[in-house]
Structure formats: C-alpha cells, structure tokens
Amino acid sequence: MDPQRARASFPSLRSGYVFADSAGGSQTCQQVLDRIVDYLSNTNVQLGADYSVGVQSNRRVAEGLEAAALLYNAASVDEVGFGPSSTMILENIARAMDNDVEPGDEFIITEEHEANCGPWKRLAERRGAAVKYWRTVPNSKDNPYSLGYTTDDLLPLVSARTRLVAITACSNILGSIIPVEEVVRSLRRRAKELGARKVEVSVDCVAYAPHRRIDVQKWDIDYGAFSLYKVYAAHNAAFYVRSSALLSSLSKVVHHFLQVDSKPYKVQVGGPGYELVYGATGVVPYLLSLTPENDLGASFDAIATQEQLLLQPLLSFLTDQKQYDRGVRIVGSGEVNALRVPTVSFVVVGQNAMKSKDVVGFFDRKGGIGIRYGHFYAYSLVANLQPKLDVDDGVVRISLVHYNTVEEVQKILEVLKEALDV
C-alpha cells in the first residue's frame, strides 16, 4: 500500500496538519464527500415515492445497505441498517430485547466504551437481570497499566443463566484486538456445557473497523455496531443484527403500524440520514483502491502492515528505559504485533508526574498536531485503573490510521520529547 496514494483521497490532509486523534474520528475520503454532495444536489427527497427522482433516491439508499452488508460480511442486506450513532443503535437494540430477558438472566460485559455497556446495564435493571464484568489484567509486572483480556478470565463468568455477552473487538483505550472468533467459540461451548437456554453476543466494532475486516459470520455473533465517521465516512453508524435474533429476540421499537418484524428497520427509529447512507457507499471503493487485488481482505491486510510501521517507532519511544524512568507508562500492551492497532494511550506518573491534560496542552500550544486526553467514554475502565488516576484527566491518546506516515510519527515524537522534558 502506498500511503501517499491513500492520502490523496483526503482533502483535509493537504493542509499538512497531523491528525493523530483518529480513534475519535477519521478524516473523510473524497469518494464519500462526492456522494453526499451528489445526493443532496440531485436526489434529496423522502424515500418511498414512485416518481423518478424518488426511485433513484430509494436505489441509492439501498446501495448503502449493500455497502454495510459487505463491510460486515453479513449474510444479507436484511441484517444491516443505519442510525445516528453506535450508542443510539445499541440502546435501541437493548430496548427491543426487553420482552426476551427474564429475571435472573445474566449479562457479561466489559468496562470498555459505554456504548456497549450502558444499554445492557439499563436493560438488566429494567428486567431484573444480573451483570458480571470481564475485567482486564496486567500483562507485565513492571507496568500495572499494561492491561489486556484473557479468555481464561471470561469463561468462569459463564453460567446456565448467561443470556448475553457484550464485548469489544478492539479497545479504544488499550488499542488491543480481542480475537472475537476464538472468544465467542469458547464461551458458546462453555454455555452449552452448562445448559444455558439462549446466549447472544453483542460486539462493539467501532475501534476495530478502521483497522481490520469485520466478519460477523465467521465470528458467530448476533449484534454489532460501528461508526462510519471512524471509517473514512461521515457522522452516522451501521449496525448488524443476525436474522434469527431479529425474529426471536427483538420486539420492534418503531411505529406500531410498520410491518418490519423480520427487518433491521424494527430497531431503526427514524430516518437514518439518507445522504449519509449513500455517502457510505464510497467507503468500499476507497478501501479497494488501496491494493491492486480489488479485495477487501487484501486491503485490510495492507492497512495492518502499514500500521505496524507506525506503531514501531511510537511504542519504541514510549517504552524506552529513559521514558520508563521518566514515569511514562503505556496503558495497554507495549508490544508491536497483529493484535495491536495504532491507538496508543499512556500516562506520566511518579515523582515528576504530568497531567494528561498538560501533555496534550503542550501539543496544542505548539500547533500542527492533534491528539487528545481523557477517558474517551471508557469511563469505568479508566476509573478502575490501579494505581488510581484522575478519571477526567484520564490518559494521553495518540491514535493513527493507515494514511498517517512514519514522518508524522517522528513529528509527534519530537514534540513529545519536548513535553516530557518540561
């Protein structure tokens, strides 16, 4: 993959500004921008009409569903839909599940982004279910913040009353990928051994989707969501619901007169923003343009390879003995490998501790580079870090994607060296 060719698709990158807050939102590629403008300029009418422009608008929105199905590798377009955000989508799904959860059922969740935690906690409270937590554990005795997940810590949480497991495919704080297929296979096997009546799996794909290919069929999951604005498109989100879950687990939360019991529309409250849905059709051709194979798998393999090049100097600097002595601690794994994306969080602790806000503030004063600090809506994860941190100050997060360059990483490191020497 040629990073410069990839960058040519993003008008915002021409400014030379270093966008290193991509876990909060990527830049938007030209293919998406063109489609949004085209839709609003030429087909901006309400769906369902039989006149010619209405028919064209209907077709364009249908193409958006086809793109979403492809990005999820869903079995059918009748398993995908759109909404304003992953948070709203998962809340709607949880509300639609009200009638299929019994008192005493158990949910297993993480402490990751609240989008895939809060809806299930509220559902449990409404229906008298119990909540269990799959928590992180340190991977290194030298760094208490070197957190990760192990399947061995998950399986003891599974019981005969397990009803739902909500996990993330990639942590937006730790930058670590969870091997979803392996984890789901293990928990389903365990649940079957214990006689659980029905176990469904919800996966937050938001921090995963920009970096690796989603495959809901291979993963064997029931629900998923990711935000298009983190996958080179605009501010909306795409969701997945397995067809069997649509029929047996979810009641519709849309208008009572709509006959959509077998369609994702049953949890899609209101219009999804038609121009944004059509805009999402630009993501696939952009991704395919990254490699000559014209294959999404090849494109995501190339993305992963490029991201390893970005991770190497960044993690090498942050884990250097000099920085360790300075008090720099990676929050997550400090290793460069296939289960690590270039979302890198750290804190500065010890005798010369620095607030995360002050590190980022130094960058802001220098200008030209955008990074962030905070808990990034993984509030519980940051709040429960040990030794304790100020949850609102949180962590410093530098988050990159494939269109970033090694030269940009070097610029980040130059400023970071100055910040840590203050």
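Everything here concerns the structure above.
Each value, and the rule that gives it
Residues numbered from 1 in each chain as written. Predicted model: local features only at pLDDT ≥ 70, side-chain atom pairs only at ≥ 80, totals over all residues. Heavy atoms only, no water. Helix = DSSP H or I, 4+ residues; strand = E, 2+ residues; numbered from the N terminus. Buried < 20%, exposed > 50% of the residue type's maximum accessible area, 1.4 Å probe, protein only. Contact = heavy atoms within 4.5 Å. Polar contact = N/O pair within 3.5 Å; in protein donor to acceptor, adjacent residues only side chain to side chain. Core = buried A, V, L, I, M, F, W, Y, C linked by side-chain atoms within 4.5 Å. Pairing = 2+ DSSP bridges. Axes fitted to C-alpha atoms, helices over the stretch in contact; angles between N-to-C directions.

**A look at the environment of lysine 263**
Looking at where lysine 263 falls in the secondary structure, it is placed in the loop between α9 (243-248) and α10 (274-279). The class of lysine 263 is partly exposed, set by a relative accessible area of 33%. When the C-alpha positions of lysine 263 and leucine 247 are compared, they lie 8.6 Å apart, and in sequence the two are 16 residues distant. Residues in contact with lysine 263, not counting those within four places in the same chain, are Asp78 and Leu246. At a separation of 3.2 Å, a polar atom in the side chain of lysine 263 contacts the side chain of aspartate 78.

**Points about the side chain of arginine 397**
Following the sequence through the fold, arginine 397 ends up in strand β15 (residues 395-399). For arginine 397, a relative accessible area of 2% gives the class buried. Not counting residues up to four positions away in its chain, the partners in contact with arginine 397 are Ala20, Asp21, Ala23, Gly24, Asn172, Thr343, Val344, Ser345, Ile371, Arg372 and Phe376.

**Looking at the nonpolar core**
In terms of nonpolar packing, the biggest core is built from 111 residues, with Tyr72, Trp120, Phe226 and Leu287 touching the most fellow members. In terms of residue count, the dominant contributor to this core is helix α3 (residues 52-72) (six residues). With residues near it in sequence (within four places) discarded, leucine 287 still touches Leu71, Tyr232, Leu296, Ser299, Phe300 and Ile303. Leu318, Ile330, Val409 and Ile412 belong to the second-largest nonpolar core, a separate cluster that totals 30 residues.

**Thoughts on the sheet that holds strand β9 (residues 223-227)**
Taken in spatial order, the seven strands line up as β2-β10-β9-β8-β7-β3-β4 in an open sheet, and their pairing is mixed. Edge strands, defined here as strands with exactly one partner in the open sheet, are β2 (80-83) and β4 (130-133). Each strand axis lies, on average, 20° off the axis of its neighbour in the sheet, ignoring direction. In this fold α3 packs onto β2, β9 and β10 (237-241), with an angle of close to 110° to the strand it touches most, β2. Packed on one face of the sheet, helix α4 (residues 86-96) meets β2, β8 (200-204), β9 and β10 and runs near 160° to β9.

**Thoughts on unusual backbone geometry**
The omega torsion of the bond from glutamine 386 to proline 387 falls at 0°, within 30 degrees of zero and hence cis. With respect to the helices, strands and loops of the structure, proline 387 is situated in the loop between α15 (379-383) and β15. Even without being glycine, tyrosine 232 reaches a positive phi, approximately 75°. Within the secondary structure layout, tyrosine 232 lies in the loop between β9 and β10. Backbone geometry places phenylalanine 376, a non-glycine residue, at a positive phi of 55°. Looking at phenylalanine 376, the relative accessible area reads 10%, which means it is buried.

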